[in-house]
Amino acid sequence: MCTLFCIIIFFIIPFFSCTRCIWCQRTVHDDCMGGDLKTENCDLGEFRSLIIPSNYLWAVKQLKRSKNVDYMKLIASMGRNWTPLIVLANTRSGNNMGEVLVSEFKGLLNPLQVFDLSKTSPFKALQLCSILPPNSAKVLVCGGDGTVGWVLDAVDEMKIKGQENFIPQVAVLPLGTGNDLANTLGWGAGYAGEVPVEQILRNVMEADSTKLDRWKVQVTNKGYSLRKPKVMSMNNYFSVGPDALMALNFHTHREKTPSLFSSRLVNKAVYLFYGTKDCLVQECKDLDKKVELELDGEKISLPNLEGIVVLNIGYWGGGCRLWEGMGDEPYPLSRHDDGLLEVVGVYGSFHCAQIQVKLANPVRLGQAHTVRLILKSSRMPMQVDGEPWAQGPCTVTITHKTHALMLYHIGEQTDDDDDDPSSDSDQEPKEPVTRDVEM
């Protein structure tokens with residue numbers, strides 16, 4: 001273990017000079033610090049089960065060089081309950097909240113286990129898992145649902161590269177707009193700094209393990225084309241219609257004037273504006289005449305709809321329980337780990353608004369293991385997990401891809417305060433800078 005003397009920082013307060021350990025947080029008056037105390041082992045404090053000590057990284061480095069280190073003995077020395085945590089923060093999520101969190105987590109953990117995703121790609125950061133005991137690592141993703149999807153794609157890449165034994169369990173600290181996945185997993189609808197970082201780490205330590213279905217969304221353009229089908233991963237939902245149109249208009253507006261989108265309140269106001277506009281224009285009307293829907297190969301007869309939503313999780317649209325509470329009939333609850341998708345329809349933007357405030361229910365179209373949607377004509381807005389685009393005639397096929405290991409927090413640690421000043425942007429850095437993991 002690192003000695004107290006090796007990992008201390010010094011600060012001066014009036015009339016006294018004190019020494020403080022940055023991990024166990026113990027403070028000792030310099031005059032009281034004798035020779036015996038200088039060599040005392042630091043127990044790493046409350047978060048010892050999450051910290052990756054410097055001496056462990058040094059020993060692993062020596063192991064790679066000389067083979068003189070007994071790896072099993074090294075692991076045993078860390079204790080049975082050692083579940084090291086890697087923090088991945090998207091500093092483009094939140095109004096500088098990501099940057100603040102990076103600084104605070106570095107003050108409680110080893111700075112080498114805290115990564116800024118604007119500087120290091122998720123896959124590069126997750127390579128730290130490969131030098132930790134198998135199936136021991138946890139990851140805390142600080143960002144919106146888009147950032148979580150980005151990290152889970154990197155986890156899938158680890159599987160492809162033969163690192164299945166080092167796959168981490170993933171927790172979420174929600175910084176984005178909707179945060180529907182974080183809400184589903186019990187981490188709340190949005191974080192604005194109201195919970196101390198120490199409590200966040202305690203929540204991670206107490207969280208339970210759960211599985212999350214991940215889906216492959218394949219979009220094949222109609223007619224002869226040399227282009228490969230567009231393939232995306234889905235964790236939350238796919239939709240075509242008014243909610244995708246609102247997302248598309250929002251993203252287009254934000255790309256033009258990103259400085260205006262500085263708070264969750266502003267973002268929701270923009271969404272409301274575009275939703276109100278669509279109520280009048282009805283750009284997605286007669287969707288039932290333009291598309292065909294198949295659930296597990298069975299064609300579904302559609303009413304006069306403007307939108308279709310395919311759900312993997314319980315929440316949609318920033319906190320709405322879209323599948324539950326649909327009349328007196330006892331429909332099964334939606335689950336994120338049962339290999340099933342829930343499919344619903346909406347009559348338009350006004351209907352979406354009514355659903356949000358629980359004045360109306362969506363149209364239940366069914367559950368399925370495989371969903372196929374054929375857009376026969378026209379051009380329609382579509383989205384996968386909040387990433388929208390305009391799509392011409394095509395076939396969209398959604399099939400099960402894999403499971404992700406997630407952490408579920410029982411009890412809500414965050415709230416969705418409309419006055420929260422944190423920004424909702426959850427964009428991946430276009431050109432992340434990668435670096436080697438230092439040891």
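As the structure is a prediction and not an experimental result, all values here were calculated from the model. (Residues numbered from 1 in each chain as written. Predicted model: local features only at pLDDT ≥ 70, side-chain atom pairs only at ≥ 80, totals over all residues. Heavy atoms only, no water.)

Asks: Hey, could you run me through the overall build of the protein chain in this one?
Replies: A count of helical and extended segments in the protein chain gives 12 helices and 21 strands. Buried residues in the protein chain amount to 52% of all 439 residues. With the model as given, the accessible surface of the protein chain reaches about 20,300 Å², and the carbon-plus-sulfur share is 53%. (Helix = DSSP H or I, 4+ residues; strand = E, 2+ residues; numbered from the N terminus. Buried < 20%, exposed > 50% of the residue type's maximum accessible area, 1.4 Å probe, protein only. Areas by Shrake-Rupley, 256 points an atom, 1.4 Å probe, with all protein chains shown as cover.)

Asks: How do you make sense of the sheet that holds strand E13 (residues 307-311) when you look at a structure like this?
Replies: The strands making up a sheet are joined through hydrogen bonds of the backbone, oriented either antiparallel or parallel. Reading across the sheet, the six strands line up as E17-E16-E13-E10-E19-E20 and stay open at both edges, with antiparallel pairing between neighbours. Of all the strands in the sheet, the pair left with one neighbour each is strand E17 (363-368) and strand E20 (387-391). Sheet twist, expressed as the mean angle between neighbouring strand axes with direction ignored, is 15°. One ladder, built from five bridges, connects strand E16 (residues 341-346) with E17; its direction is antiparallel. Within E17, the residue paired with Leu341 across the bridge is Ala368. (Pairing = 2+ DSSP bridges. Axes fitted to C-alpha atoms, helices over the stretch in contact; angles between N-to-C directions.)

Asks: Could you clarify how one ought to interpret the pairing of E13 in this entry?
Replies: For a regular strand, side chains alternate in direction, first toward one face of the sheet and then toward the other. Across the five residues of E13, five count as buried, placing the element largely inside the fold. With burial as the criterion, each face of E13 is covered, one bearing Gly307, Val309 and Leu311 and the other bearing Ile308 and Val310. Of the pairings in the sheet, the one linking E13 to E16 comprises five bridges and is antiparallel in character. Note that in E16 the partner of Val309 across the bridge is Val344.

Asks: Please clarify how the packing of aromatic side chains should be interpreted in this entry.
Replies: The geometry of an aromatic ring pair is captured by the separation of the ring centres together with the interplanar angle, meaning the angle of the planes. Enumeration according to the criterion identifies one aromatic pair in this entry. Aromatic pair Tyr56 and Trp82: ring centres 4.9 Å apart, planes at 65°, arrangement edge-to-face. In this pair, Tyr56 is assigned in helix H2 (residues 54-66) and Trp82 in the loop between helix H3 (71-77) and strand E4 (85-89), connecting sequence segments 26 residues apart. Residue placement shows Lys230 over the ring face of Trp389; its charged tip is 4.0 Å from the ring centre. The ring of Tyr315 is capped by Arg321, whose NZ or CZ atom sits 4.7 Å from the centre of that ring. (Phe/Tyr/Trp six-rings, centres within 6.5 Å; stacked < 30°, edge-to-face > 60°. Lys NZ or Arg CZ within 6 Å of the ring centre and 35° of its normal.)

Asks: Can you help me understand H2 in this one?
Replies: Working note: α-helix, 3.6 residues per turn, so residues spaced by three or four point in the same direction. For H2, with 13 residues, the first-to-last C-alpha span of 18 Å sits near the 18 Å given by 1.5 Å per residue. Residues Tyr56, Leu57, Ala59, Val60 and Leu63 constitute the buried set of H2. Taken around the axis of H2, the buried residues stretch over an arc of 160°, which confines them to a single face. Counted as exposed and oriented over 90 degrees from the buried face of H2: Trp58 and Arg65. Contact partners of the buried residues in H2: H3. (Expected span 1.5 Å × (residues − 1). Arc of directions from axis to C-beta. Contact = heavy atoms within 4.5 Å.)

Asks: How do you make sense of the side chain of Thr210 when you look at a structure like this?
Replies: Tracing the backbone shows Thr210 in strand E8 (residues 208-221). Here the side chain of Thr210 touches His336 through a polar contact of 3.4 Å, side chain to side chain. Here Thr210 is in contact with Leu185, His336, Asp337, Ala404, Leu405, Met406 and Tyr408, once residues within four sequence places are set aside. (Polar contact = N/O pair within 3.5 Å; in protein donor to acceptor, adjacent residues only side chain to side chain.)

Asks: So what exactly am I meant to see when it comes to the state of the cysteines here?
Replies: Simply put, disulfide is the name for a covalent bond between the sulfur atoms of two cysteines. With the rule as written, the count across this model stands at zero disulfides. In this structure Cys320 is a free cysteine whose sulfur lies 9.0 Å from that of Cys352, the closest cysteine sulfur available. Owing to a relative accessible area of 6%, Cys320 belongs among the buried residues under this scheme. (Disulfide = S-S within 2.5 Å.)

Asks: Is there a simple way to explain the side chain of His409 in this structure?
Replies: For His409, the location among the structural elements is in the segment after strand E21 (394-408). Leave out the neighbours within four places in its chain, and His409 touches Leu185, Gly186, Trp187 and Asn203.

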